[in-house]
Amino acid sequence: QQQVKQSPQSLIVQKGGIPIINCAYENTAFDYFPWYQQFPGKGPALLIAIRPDVSEKKEGRFTISFNKSAKQFSLHIMDSQPGDSATYFCAARVGSSNTGKLIFGQGTTLQVKP
Amino acid sequence: DSGVTQTPKHLITATGQRVTLRCSPRSGDLSVYWYQQSLDQGLQFLIQYYNGEERAKGNILERFSAQQFPDLHSELNLSSLELGDSALYFCASSVEGILNSPLHFGNGTRLTVT
């Protein structure tokens, strides 16, 4: 119940393509769903986040779609660029707003070919 | 640069040994979190401290312990090391009292146990 399942494990797209990464969860007590981007040798960095009372959120070329009834959410990267090549993690927060305890998905390695 | 500093960057040690990982949070952040990243387990939450007090605990082994000092820096102590403890250890910090304040991750300490 505390898991977040992420797919696919890896993804290769051409420049300009729209990679989509999917996550699913079981615990309805999760109340905050961030996406993190990680480059080799660096720590994860927050990309975009959504709360379950919102169905979609856009920030620049990144969009989260959230389906509360299906307990699924996904990240879309519009007009993907080679610089977007990184590992992406979805996550879910459990607990009160005073804790940052996040449950992470297994990660998706994205390669954007020029 | 996230503003979170972790030292050392790399650590190589033998089984049975004890090591200490250090983290300095971003200026003004009262909460510090420790995460373990391994190939098979992904990013796993270990423990959270808030202003010197333990706030949340995850799947942290009894051989591992942490503390947060009055100057807010934190240390993660790993003892009786086993080969399976080889992983990236990340520290993150956040501002408390602000709903959904993001976690800011350091660049990690890569621990290799031989």
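These notes cover the structure that comes with them. Keep in mind that what you see is a predicted model, and the values were worked out from it rather than measured.

Let's shift gears to the sheet that holds strand 7 (residues 62-67) of chain A. Residues and elements named next belong to chain A. Taken in spatial order, the five strands line up as 1-3-8-7-6 in an open sheet, and their pairing is antiparallel. Because the sheet does not close on itself, it has two edges, and the strands there are strand 1 (4-7) and strand 6 (56-59). Each strand axis lies, on average, 15 degrees off the axis of its neighbour in the sheet, ignoring direction.

Pairs can form between side chains of opposite charge once their charged atoms are near each other. Here the structure, examined in full by the defined rule, presents eight salt bridges over all chains. Put simply, A:Asp31 and A:Arg93 hold a salt bridge, and the shortest N to O gap is 3.1 Å. Highlighted residues: A:Asp31 in the loop between strand 3 (20-25) and strand 4 (33-38) and A:Arg93 in strand 9 (residues 86-93), separated in sequence by 62 residues. A:Arg93 matches A:Asp31 in its accessibility class, with the two residues each being buried. Look at the salt bridges and you will find they share partners, linking B:Arg63, B:Glu82 and B:Asp85 into a network.

We now examine a nonpolar patch on the surface. On the surface, A:Ile18, A:Ile20 and A:Met78 cluster together into a nonpolar patch covering about 230 Å² of accessible area. As for its position among the elements, A:Met78 is in the loop between strand 8 (72-77) and strand 9.

To continue, consider the environment of A:Leu75. You can see A:Leu75 is positioned in strand 8. Apart from residues lying up to four places away in sequence, A:Leu75 is in contact with A:Pro19, A:Ile20, A:Ile21, A:Trp35, A:Leu47, A:Ile48, A:Phe62, A:Thr63, A:Ile64 and A:Tyr88.

Rules used in this analysis
- Residues numbered from 1 in each chain as written.
- Chains lettered and ligands numbered in written order.
- Predicted model: local features only at pLDDT ≥ 70, side-chain atom pairs only at ≥ 80, totals over all residues.
- Heavy atoms only, no water.
- Pairing = 2+ DSSP bridges.
- Helix = DSSP H or I, 4+ residues; strand = E, 2+ residues; numbered from the N terminus.
- Axes fitted to C-alpha atoms, helices over the stretch in contact; angles between N-to-C directions.
- Salt bridge = Lys/Arg side-chain N within 4 Å of Asp/Glu carboxyl O.
- Buried < 20%, exposed > 50% of the residue type's maximum accessible area, 1.4 Å probe, protein only.
- Patch = residues over 30% accessible without salt bridge, like charges linked within 9 Å, V, L, I, M, F, W, Y side chains within 5 Å.
- Areas by Shrake-Rupley, 256 points an atom, 1.4 Å probe, with all protein chains shown as cover.
- Contact = heavy atoms within 4.5 Å.

The analysis is restricted to geometry; functional conclusions fall outside its scope.
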